[in-house]
Structures are given as C-alpha cells and as structure tokens.
Amino acid sequence: TIIKSVLNGRNVYENIKNAIKFLLSGNFAAILMVIYASIMALPAPFTAVQLLFINLLTDSLPALAVNMEQPTGDLLNMKPRDPKEGILTKDFLKNLAVQGGLIAIVTMMGFYTGLVVNDDMACTMAFATLCLARLFHGFNCRGTRSIFRLPSNIYSWGAFAVGTLFLMAVLFIKGLHGLFDIDDALTIMHILKIVGLAFIPTFLIQMSRVVRGK
C-alpha cells in the first residue's frame, strides 16, 4: 500500500508538472511570435478569435490528456525530491524555453511563407502552424522519455485527433473562414506546408531523446 501510494503520488506530481510544461511552452511560443512581429513591424500574426481558438482547443485537450498518464516503474527509482523545491526549476525552465523556442521558429517560418501571398495568408499560416505544432507537442509533454518507450495513452491520441479535426474543419470549410479569419486562398499545398512545419519541433525533440537513450 505504501509503495502504491508513493508511486501514485509521484505520478500525479509528474503529470501536473508535464501539463504545466505543455501550457507554458506553447504560450511562450505564441508570446515570442507576437513580440517578434511587433519588433519587426510585421502584421499581427494572430487575430483575437484565433487566440481564443488556440486557448480553448490546443491548451485544454492535450493538457487534460497528459494528466491521464499512468505511472511507470521508473518513478520508484527516482530520488525523493526536496519538498521545498518548486516546479519551475532550472532544468524545467531550460526545457520550456527550448521547446517553446522551436515551436516559435516554425510558426515564424509559416508566417513568412504566407506573407509572400498577403497579410491575411501570413496570419492564417501562423495560426494553423502554431495550433498543429502544439497538438503534436502534447506527445512530447507526456514524459521525459521518447514516446516509443512510454505506455499507450488513448486520451493523448484522442486529444490529438479531436484537435486536428477541429483545426482542419476551420481550414477546409469555407463557411468558417470568415468567423476565424482564414484566408480563402488557402490551398492543399499550404496545408501540407503547415503539417510539415508543425511536425518539426516534435521530430527534433523525440529524436534527441532517442539519441540520448531516453
């Protein structure tokens, strides 16, 4: 009973920490993008309704799924943590900055890809890239190990599927374009670029874990 209590307690703490990492890294990426656009005197990368969509969808679903992670045996091999230690440790903030920075970079790349067409397309590309990148990022925040060594989490896949479905509905259904400020000139090629850019941060993060044997 004591062993199970320690395991569940550590799992709850890790899940909370990972959910916070997901939320802060994603929002950090959006903040970096807005600051960069302001400094460079570029058009606003997101509209108000797009930010609301991001906060309601890509913030909530993956974060809830992360909190449903089941405990793994390696939690019992961890040293007891200092009860005075906060969640925002040096390593935590470092990972947050790196992961958020990667998402911000691909969002900027999407923005510039759309800017070649017009300001509205730039806004659309940045919005869609950030949304999808954060949905992918939910898999990174399931734990510190690569997803190939983590137990299956149906909630994580469900959150990704539902989030992607809603995003694609916004991008493909013409009747929703006016509501969410999506450029009508969006094509399949733009969608493919969005998917490719959004996947880059997760690919790099997962490959780094595989190389390090995590």
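Structure's up top.
### A look at the pattern of salt bridges
Next up, step 1: Summed over all chains, the structure comprises three salt bridges.
Next up, step 2: A salt bridge links Glu14 to Lys17; the shortest N-O distance between them is 3.4 Å. Here Glu14 pairs with Lys17, and both are found in helix 1 (residues 2-39), just three residues apart, close to one helical turn.
Next up, step 3: Salt-bridge contacts for Arg142 lead to Glu69; the nearest nitrogen and oxygen are separated by 2.4 Å. Residue Arg142 is located in the loop between helix 5 (119-140) and helix 6 (154-172), and its partner Glu69 is located in the loop between helix 3 (60-66) and helix 4 (90-115); the two are separated by 73 residues in the primary sequence. Taken as a pair, Arg142 and Glu69 share a single burial class, namely buried.

### Overview of helix 6
Next up, step 1: With 19 residues, helix 6 extends 26 Å between its outermost C-alpha atoms, agreeing within 8% with the 27 Å of an ideal straight helix rising 1.5 Å per residue.
Next up, step 2: Listed as buried for helix 6 are Ser156, Ala159, Phe160, Gly163, Thr164, Leu167, Met168, Val170 and Leu171. Taken end-on, helix 6 shows its buried residues confined to a sector of 155°, consistent with a single buried face. Counted as exposed and oriented over 90 degrees from the buried face of helix 6: Ile154, Trp157 and Leu165.
Next up, step 3: Taken together, the buried residues of helix 6 touch helix 2 (48-58), helix 3, helix 5, helix 7 (174-180) and helix 8 (188-211).
Next up, step 4: Its side-chain oxygen at 3.0 Å from the backbone nitrogen of Tyr155, Asn153 defines the N-terminal cap of helix 6.

### Describing the packing of helix 6 against helix 8
Next up, step 1: Viewed as axis vectors pointing N to C, helix 6 and helix 8 meet at an angle of 150°, and their least axial separation amounts to 12 Å. What the angle tells us is that helix 6 and helix 8 run roughly antiparallel. Along this stretch, helix 6 crosses helix 8, giving a crossing that reads as right-handed. In this structure, helix 6 contributes Met168, Leu171 and Phe172 to the contact, and helix 8 contributes Ile188, Ile191 and Val195.
Next up, step 2: Residues belonging to the contact of helix 6 with helix 8 are distributed by class as follows: six nonpolar, no polar and no charged.

### Brief notes about the environment of Cys141
Next up, step 1: Its location among the elements puts Cys141 in the loop between helix 5 and helix 6.
Next up, step 2: When its relative accessible area of 1% is taken as the criterion, Cys141 is described as buried.
Next up, step 3: Taking the C-alpha atoms as reference, Cys141 lies 29 Å from Ser38; in sequence the two are 103 residues apart.
Next up, step 4: With residues near it in sequence (within four places) discarded, Cys141 still touches Asn18, Lys21, Phe22, Val66 and Gln99.

### As for the environment of Arg81
Next up, step 1: Examined against the element boundaries, Arg81 turns out to sit in the loop between helix 3 and helix 4.
Next up, step 2: Separated by 71 residues in sequence, Arg81 and Arg10 have C-alpha atoms that sit 9.6 Å apart.

### Some remarks on the state of the cysteines
Next up, step 1: Counted by the stated rule, this structure contains zero disulfides.
Next up, step 2: Unpaired in terms of disulfides, Cys123 finds its nearest cysteine sulfur in Cys131, a separation of 11 Å.
Next up, step 3: The exposure class assigned to Cys131 is buried, which follows from its relative accessible area of 0%.

### Some thoughts on helix 8
Next up, step 1: Taking 1.5 Å as the rise per residue, helix 8 with 24 residues should run 34 Å; its terminal C-alpha atoms sit 34 Å apart, in good agreement.
Next up, step 2: Of all the bends in helix 8, the greatest, near 30°, is centred on Ile200, and the proline Pro201 appears no more than four residues after it.
Next up, step 3: Where the residues of helix 8 are buried, they touch helix 4, helix 5 and helix 6.
Next up, step 4: Taken from the residues just after helix 8, Gly213 is the one with a positive phi, measuring 75°.

Conventions we followed
Residues numbered from 1 in each chain as written. Predicted model: local features only at pLDDT ≥ 70, side-chain atom pairs only at ≥ 80, totals over all residues. Heavy atoms only, no water. Salt bridge = Lys/Arg side-chain N within 4 Å of Asp/Glu carboxyl O. Helix = DSSP H or I, 4+ residues; strand = E, 2+ residues; numbered from the N terminus. Buried < 20%, exposed > 50% of the residue type's maximum accessible area, 1.4 Å probe, protein only. Expected span 1.5 Å × (residues − 1). Arc of directions from axis to C-beta. Contact = heavy atoms within 4.5 Å. Polar contact = N/O pair within 3.5 Å; in protein donor to acceptor, adjacent residues only side chain to side chain. Axes fitted to C-alpha atoms, helices over the stretch in contact; angles between N-to-C directions. Parallel < 35°, antiparallel > 145°, perpendicular 65-115°, else oblique. Left-handed = near helix turned anticlockwise from the far one by under 90°. Nonpolar A, V, L, I, M, F, W, Y, C, P; charged D, E, K, R; others polar. Disulfide = S-S within 2.5 Å. Bend = angle between axes of the 7 residues up to and from the residue.

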